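Each chain is listed here by its residues.
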Amino acid sequence: MREYLGKTVDVIVDRPLGSPHPEYGIIYPVNYGYIPGTISGDGKKIDAYILGEYKPVKEFRGRVIAAIERKNDNESKLVVAKTPNSYFEEEIKALTEFQERFFEIEIICHTAKVEKPCIRVTVLGFAKRGDGILVFEGYDAIKDEVFYRFPGGGVEFRRKSRVALQREFKEEINANILDMKYLCTIENIFTFEGIDKHEI
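Below is a summary of the structure that appears in this document.

Now for the overall build of the protein chain. Counting secondary structure elements, the protein chain contains 2 helices and 14 strands. In terms of its C-alpha atoms, the protein chain occupies a principal-axis envelope of roughly 60 × 35 × 30 Å. Long-range contacts, defined here as pairs at least 24 residues apart, represent 56% of the contacts in the protein chain between residues at least 6 apart. Here the protein chain displays about 13200 Å² of accessible surface, and carbon together with sulfur accounts for 52% of that area. Here the protein chain contributes 30 positive and 33 negative side-chain charges, whose respective centroids are spaced 6 Å apart.

The next thing to look at is the environment of aspartate 42. Residue placement: aspartate 42 occurs in the loop between strand S2 (31-35) and strand S3 (46-50). For aspartate 42, a relative accessible area of 27% puts it in the partly exposed group. In this structure, the C-alpha to C-alpha distance between aspartate 42 and aspartate 73, residues 31 residues apart in sequence, is 8.9 Å. Look past the residues within four positions of aspartate 42 in its chain and what remains in contact with it is Asn74 and Glu75. At a separation of 3.0 Å, a polar atom in the side chain of aspartate 42 contacts the main-chain amide nitrogen of lysine 44.

Tracing the chain through its elements places threonine 38 in the loop between S2 and S3. Of the residues examined, threonine 38 reaches a relative accessible area of 8% and is grouped as buried. A polar contact of 2.6 Å, which involves the side chain of threonine 38, links it to the backbone oxygen of isoleucine 35. Ignoring anything within four residues of it in the chain, the contact list for threonine 38 reads Tyr4, Lys44, Lys45 and Ile46.

Within the largest apolar cluster, 17 residues are counted, with the highest numbers of intra-cluster contacts made by Val9, Val11, Ile35, Ala48, Val64, Leu78 and Val80. If we skip the residues at most four places from it in the chain, valine 80 touches Val9, Val11, Ala48, Tyr49, Ile50, Leu51, Phe60, Gly62, Arg63 and Val64. Ranked by size, the runner-up nonpolar core spans 15 residues in total, among them Ile26, Val30, Ile65 and Phe98.

With that out of the way, let us pick up the layout of surface pockets. Its boundaries defined by the atoms lining it, the second largest pocket holds a volume of some 1000 Å³. Lining the second largest pocket are 30 residues, and of these Val123, Leu124, Gly125, Phe126 and Leu165 sit closest to its centre. When residues of the lining of the second largest pocket are traced back to their parent elements, those giving at least two are strand S7 (122-124), strand S11 (145-149) and helix H2 (161-173). The element contributing the most residues to the lining of the second largest pocket is H2, with 4 residues. Of the residues in the lining of the second largest pocket, the class split is 19 nonpolar, 6 polar and 5 charged.

Let's shift gears to unusual backbone geometry. We note that arginine 158 has phi near 65 degrees; this positive angle belongs to a residue other than glycine. Turning to its location among the elements, arginine 158 is positioned in the loop between strand S12 (152-154) and H2. Residue class for arginine 158 comes out exposed when judged on its relative accessible area of 77%. Of note, asparagine 174 is a non-glycine position whose phi angle comes to about 55 degrees, a positive value. Mapped onto the secondary structure, asparagine 174 falls in the loop between H2 and strand S13 (188-192). Exposure remark for asparagine 174: the relative accessible area of 57% places this residue in the exposed category.

Quick look at the environment of isoleucine 173 now. Looking at where isoleucine 173 falls in the secondary structure, it is placed in helix H2. Distance in space between the C-alpha atoms of isoleucine 173 and serine 161 is 18 Å, their sequence separation being 12 residues.

Our next topic: the environment of glycine 130. For glycine 130, the position within the fold is in the loop between strand S8 (128-129) and strand S9 (132-133). Sequence separation between glycine 130 and valine 155 is 25 residues; the distance between their C-alpha atoms is 29 Å.

What counts, and at which threshold
- Residues numbered from 1 in each chain as written.
- Predicted model: local features only at pLDDT ≥ 70, side-chain atom pairs only at ≥ 80, totals over all residues.
- Heavy atoms only, no water.
- Helix = DSSP H or I, 4+ residues; strand = E, 2+ residues; numbered from the N terminus.
- Contact = heavy atoms within 4.5 Å.
- Areas by Shrake-Rupley, 256 points an atom, 1.4 Å probe, with all protein chains shown as cover.
- Lys, Arg positive; Asp, Glu negative; His and termini not counted.
- Charge placed at Lys NZ, Arg CZ, Asp CG, Glu CD.
- Buried < 20%, exposed > 50% of the residue type's maximum accessible area, 1.4 Å probe, protein only.
- Polar contact = N/O pair within 3.5 Å; in protein donor to acceptor, adjacent residues only side chain to side chain.
- Core = buried A, V, L, I, M, F, W, Y, C linked by side-chain atoms within 4.5 Å.
- 1 Å grid on protein atoms, 1.4 Å probe; cavity = no way out; pocket = protein on both sides within 12 Å on 5 of 7 lines; lining within 4 Å.
- Points joined across faces, edges and corners; volume = space filled by probe spheres on them.
- Nonpolar A, V, L, I, M, F, W, Y, C, P; charged D, E, K, R; others polar.

Any functional reading would require information that these geometric values do not contain.
Structure below.
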């Protein structure tokens, strides 16, 4: 479950805020649903609590801010909100206690690293097939804006950029790069989720 921390996910809400539990009569004080295309420890889709939405919703896109690991159950939960670091562990515990009080749990929060502002060296791959270009969809929760970006990632210290790109393609889409050539250098200065960024 921890691998989802910090990721943007879509949640389908099947138990909206104010609705009763189908078996136990619990009234849901938050929106609650599942993440399509996932599998939890019980063989079903991973469930998620949605925090920060104060009216019933049918679906929700946000960032995974915490994982709730149940020590005495095979099904853990995720906690999703619009922005990262918007709730502390004790707040998450209080807001999910209506259901999690029946289990022995550990809450693992996603915390953003506080770093000195710096220019990040990034390598991106321009992969084309016919008229199609491979891109990934990103989401800025602060701007409520979808954007698209070539696959790739940061270049680690003392690591060649071509090696970094090969690693990213393998990790993200399980593809091996057989041949590549340098295209150009681009400098980007932008804001992502309220934080100023600078990359080359």
